[in-house]
Amino acid sequence: MSGAALPALALQAGPSVTTGPGTNGRATPPLVVTIVVDQFSANLFNQYRSRFTGGLRTLADQGMVHVNGYQTHGLTETCPGHSTVLTGMHPAETGIPANDWVDPATGKEVYCLAAPQNTLAHGENTDNGPVGPDQLMVSTLADWLKEQSPQSRIFAVSGKDRGAINLNGHKGDGAYWFTDGFGLTTYVEPGQSAETRLAPVAAFNTRFRVMSANPAPYWTGAFGDCQGLDGDWTIRGQTFRAAVPPANPVFDTSPALDEATLVAAADLLQTQQLGRRGITDMLGVSLSATDRIGHSFGTQGPEMCEQMHRLDAALGLFLNRLPEGALVVLTADHGGSDFVERLHDHGYPHAHRADLERVARVNQALKARFNLEVNPLQQGGSGLMVAGRGGVALPDPLRTEVANAAVEMLKTNPEIAFVATRDEVLTDAIPASNNPDMLTLRERARLSAVAGRSPDILIFYAQNVVPGGGVGRAISGHGTPFDYDRRVPIIFWTKGAEGQSPNPGQERFLPIRTVDIAPTLAHVMGVSAPEVEGRCIDLPGFAAGRCETQKP
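Quick caveat, the model's predicted, so the values are computed rather than measured. Going along each chain's sequence as written, the residues are numbered from 1 onward. Side-chain atom pairs in this predicted model are given and counted only at pLDDT of 80 or more, local residue features only at pLDDT of at least 70, and totals for whole chains, interfaces and linings cover all residues. Side-chain numbers come from the whole structure's heavy atoms, not from hydrogens or water.

Asker: Break down the packing of aromatic side chains for me, citing the residues and quoting the values.
Answerer: Side-chain rings of Phe, Tyr and Trp, where Trp is taken by its six-membered ring, are said to pair if the distance between their centres is within 6.5 Å; with planes under 30 degrees apart they count as stacked, over 60 as edge-to-face, and otherwise as tilted. Overall, the coordinates contain 13 aromatic pairs when judged by the stated rule. Considering the side-chain rings of Phe204 and Phe208, the 5.8 Å spacing of their centres and the 25° angle between planes classify their relative orientation as stacked. Placement of the pair is Phe204 and Phe208 together in helix H9 (residues 202-212), with a separation of four residues, close to one helical turn. No difference in accessibility class separates Phe204 from Phe208, as the two residues are buried. Each member of the aromatic cluster is reached from another via a ring pair, and the members are Phe178, Phe204, Phe208, Tyr218 and Phe251. Note on geometry: a ring has a charge over it if NZ (lysine) or CZ (arginine) is within 6 Å of the ring centre and within 35 degrees of the ring normal. Over the ring of Tyr187 we find Arg197; its NZ or CZ atom is 4.7 Å from the centre of that ring. Helix numbers and strand numbers start at the N terminus; a helix is a DSSP run of H or I with at least 4 residues, a strand a run of E with at least 2. Think of it in three bands: with a 1.4 Å probe and only protein chains considered, a residue is buried below 20% of the maximum accessible area for its type, exposed above 50%, and partly exposed in between.

Asker: Lay out the nonpolar core in plain terms, naming residues and giving numbers.
Answerer: In this description, a nonpolar core means a group of buried Ala, Val, Leu, Ile, Met, Phe, Trp, Tyr and Cys residues linked to one another through side-chain atoms lying within 4.5 Å. The biggest cluster of nonpolar side chains holds 115 residues, and the ones touching the most others in it are Ile35, Phe40, Leu283, Val285, Phe318, Leu322 and Leu521. Residue contributions to this core peak at 10 residues, all from helix H10 (residues 256-271). Beyond its immediate sequence surroundings of up to four residues, Phe40 is in contact with Phe45, Phe52, Leu56, Met308, Leu330, Ala332, His334, Val488 and Pro489. If you look at the next biggest cluster of nonpolar residues, it comprises 23 residues, including Val362, Val402, Ala462 and Val465. In this description, contact between two residues means that some pair of their heavy atoms is separated by no more than 4.5 Å.

Asker: I'd love a proper account of the packing of helix H3 (residues 55-62) against helix H12 (residues 302-320), names of residues and values included.
Answerer: For any two helices packed against each other, the geometry is given by the interaxial angle and the distance between the axes. Orientation is described by axes fitted as lines to C-alpha atoms, over the contacting stretch for helices, and by angles from 0 to 180 degrees between their N-to-C directions. Contact pair H3 / H12: the axes reach a minimum separation of 6 Å and the direction vectors enclose 75°. Taken as axis vectors, H3 and H12 run roughly perpendicular relative to one another. The residues of H12 that touch H3, namely those facing Gly55, Leu56, Arg57, Thr58 and Leu59, are Leu311, Asp312, Leu315, Gly316 and Leu319. Orientation labels follow simple angle bins: below 35 degrees gives roughly parallel, above 145 gives roughly antiparallel, 65 to 115 gives roughly perpendicular, and whatever is left gives oblique.

Asker: Please set out H9 residue by residue, giving values where relevant.
Answerer: Those residues of H9 not exposed but buried are Phe204, Asn205, Arg207, Phe208, Met211 and Ser212. Angularly, the buried residues of H9 cover 165° about the axis, an arc narrow enough to put them on a single face. Throughout, the arc means that of the directions going from the helix axis to the C-beta atoms.

Asker: Any details on the pattern of salt bridges? Residues and values, ideally.
Answerer: A pairing counts as a salt bridge when a side-chain nitrogen of Lys or Arg comes within 4 Å of a carboxyl oxygen of Asp or Glu. Across all of its chains, the model carries 30 salt bridges by this definition. Residues Asp252 and Arg292 are paired through a salt bridge, measuring 3.8 Å at the closest nitrogen-oxygen approach. Taken together, the residues Asp252 in the loop between strand E11 (238-242) and H10 and Arg292 in helix H11 (residues 289-297) connect sequence positions 40 residues apart. Residue class for Asp252 comes out partly exposed when judged on its relative accessible area of 23%. Taking relative accessible area as the criterion, Arg292 reaches 22% and is therefore assigned partly exposed. For the salt bridge of Arg399 with Asp396, the shortest nitrogen-to-oxygen distance reads 3.3 Å. With relative accessibility at 10%, the residue Arg399 sits in the buried group. Counted as one network, the salt bridges with shared partners bring together Asp396, Arg399, Arg422, Asp423 and Asp456.

Asker: Residue-level account of the environment of Arg162, with values.
Answerer: Relative to the assigned elements, Arg162 resides in helix H7 (residues 161-168). Sequence separation of Arg162 and His478 is 316 residues, and the distance between their C-alpha atoms is 17 Å. Leaving out residues up to four positions away in the same chain, Arg162 has contacts with Thr78, Cys79, His82, Asn99, Tyr111, Cys112, Leu113 and Asn128.

Asker: Can you break down the packing of helix H4 (residues 78-85) against H7 residue by residue, with the values?
Answerer: It is the contact of H4 with H7, at a shortest axis distance of 8 Å, that shows an interaxial angle of 20°. Taken together, the axis directions place H4 and H7 in an arrangement best described as roughly parallel. Crossing of H4 over H7 shows right-handed handedness. Residues Thr78, Cys79, His82 and Ser83 of H4 pack against Arg162, Gly163, Asn166 and Leu167 of H7. Broken down by class, the residue content of the contact of H4 with H7 amounts to two nonpolar, five polar and one charged. By convention, the crossing between two helices is left-handed when the near helix turns anticlockwise from the far helix through less than a right angle, and right-handed when the turn is clockwise. The nonpolar class holds Ala, Val, Leu, Ile, Met, Phe, Trp, Tyr, Cys and Pro. Asp, Glu, Lys and Arg form the charged class, and all remaining residues, Gly among them, are polar.

Asker: Tell me about helix H6 (residues 141-148), residues and numbers included.
Answerer: Because an α-helix completes one turn every 3.6 residues, residues spaced three or four positions apart along the sequence face the same direction. Within H6, six of the eight residues are buried, which leaves it mostly tucked inside the rest of the structure. When we look at burial in H6, the residues that qualify are Leu141, Ala142, Asp143, Trp144, Leu145 and Lys146. The elements touched by buried residues of H6 are strand E6 (154-158), H7, strand E12 (281-287) and helix H19 (517-525).

Asker: Could you give me a rundown of unusual backbone geometry, with the residues and numbers involved?
Answerer: In this structure, the amide linkage connecting Val244 to the following residue, Pro245, adopts the cis form with an omega of 0°. Checked against the element boundaries, Pro245 lands in the loop between E11 and H10. The amide bond that connects Asp396 to the next residue, Pro397, takes the cis arrangement and shows omega of 10°. Within the secondary structure layout, Pro397 lies in the loop between strand E16 (384-386) and helix H15 (398-410). Even without being a glycine, Gln39 presents a positive backbone phi close to 70°. For Gln39, the position within the fold is in the loop between strand E1 (31-37) and helix H2 (42-48). One non-glycine residue, Asn464, adopts positive backbone phi at about 55°. Within the secondary structure layout, Asn464 lies in the loop between strand E18 (457-461) and strand E19 (465-466).

Written out as structure tokens, the structure is:
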């Protein structure tokens, strides 16, 4: 996809806002901004914290910083992670166990936000096809606000549909994401017009397409501390070159993606007058480049180094455009780890790619034992399905018998840290997660498990043992129940006069969870919330005062 770097577009994003009618920075905030940085682990935040000079430095120095925030569940992917942030609920309750799952009746893959009745506003069936919030089985903070204040405006923007839609909720005014060759698109429900749905971003799209015709370079190589991180690595017999610029640079896997997303967010601030109408509005911003760069190039090379610097700078420009009194929360949908070959060479000899022949041998044994026509263990929904031809589930009781036998065989694999059938895990009650660092692997699996959507067999490989990946596709990733994938920063910050936070910087070391964000924001906003798993966290200085009740 073609695109443009931030500065040229930023000049057209409208003036900065320093005041908001009806606010004093301490009462109900005029605007709540939820920023989710995709694959931004607490480890990555801490690694670059001393080098930040822009928006991330502002948040780290002036905000309430929880360095031990947690996505509590075990299957740490983008869609389930985003689903926790503004619902106050774990994936087991949001109904989003993974980025996709397999329909056992048809063997077909189902995207986490699939909505076949909808269309895409740009007129093509691209990306993940028709999408919408229908698969999300619970309400969100955006929905609670709309219920109480229908005139409030709620928008979200992202590089990915699942980033924008989860933050926009069921009742938000617009969820927008970048699509190749067009700019920002959205979903169109029956009876709606694409033109109307795209109206809030139409002017941005026009400018974006003009800039895309002659884009600035996607990578600069301008940061001295990133130099010297170059190198060659052998991954499954192929050579990967870590360098800036990387081979065949594209917009979607470059820092330019987040820069453009933040310009689009600033544009929505201006055109929709968010936070300047004497009423509380919401804006969700999901930044996808860290995730795409992490998958494509790893987290410890020059590519991620440049991404961190440019994300920091772009966030600084964006924070400057917020109205006074705006409340910002920044977190991540999951963390991530570097590719295992570099980890191995950096002093972690256990890091390696799994021997997939071990699983293949289990498949052969099951096929022979149960006299099956095809291998019964088939990949699906970030786990293993027990299926026959076409991926259709085997009939019960055969499916259950095969699944149980497979688990017993897989338990002997030293590369696997946890394996159990979905049905067995679902017999457990949803565990209390107030101490997310103390949860067992089985409890983390339970917080991810959804009947009818999770795979037949839930499987977690050991730490820094990955089953797939290679040059030309994802060389590193996430999705594990380990803290490098679960631990994320959670930072609250309020914009004050001249860009200063009315609260002094505070550091909190005890764990909190992303499910705590929604009830915390609802309390400060004066919004009634349903019963949720998360708890309210005190944010000093707001008129709402202290949280009245706390879960034990």
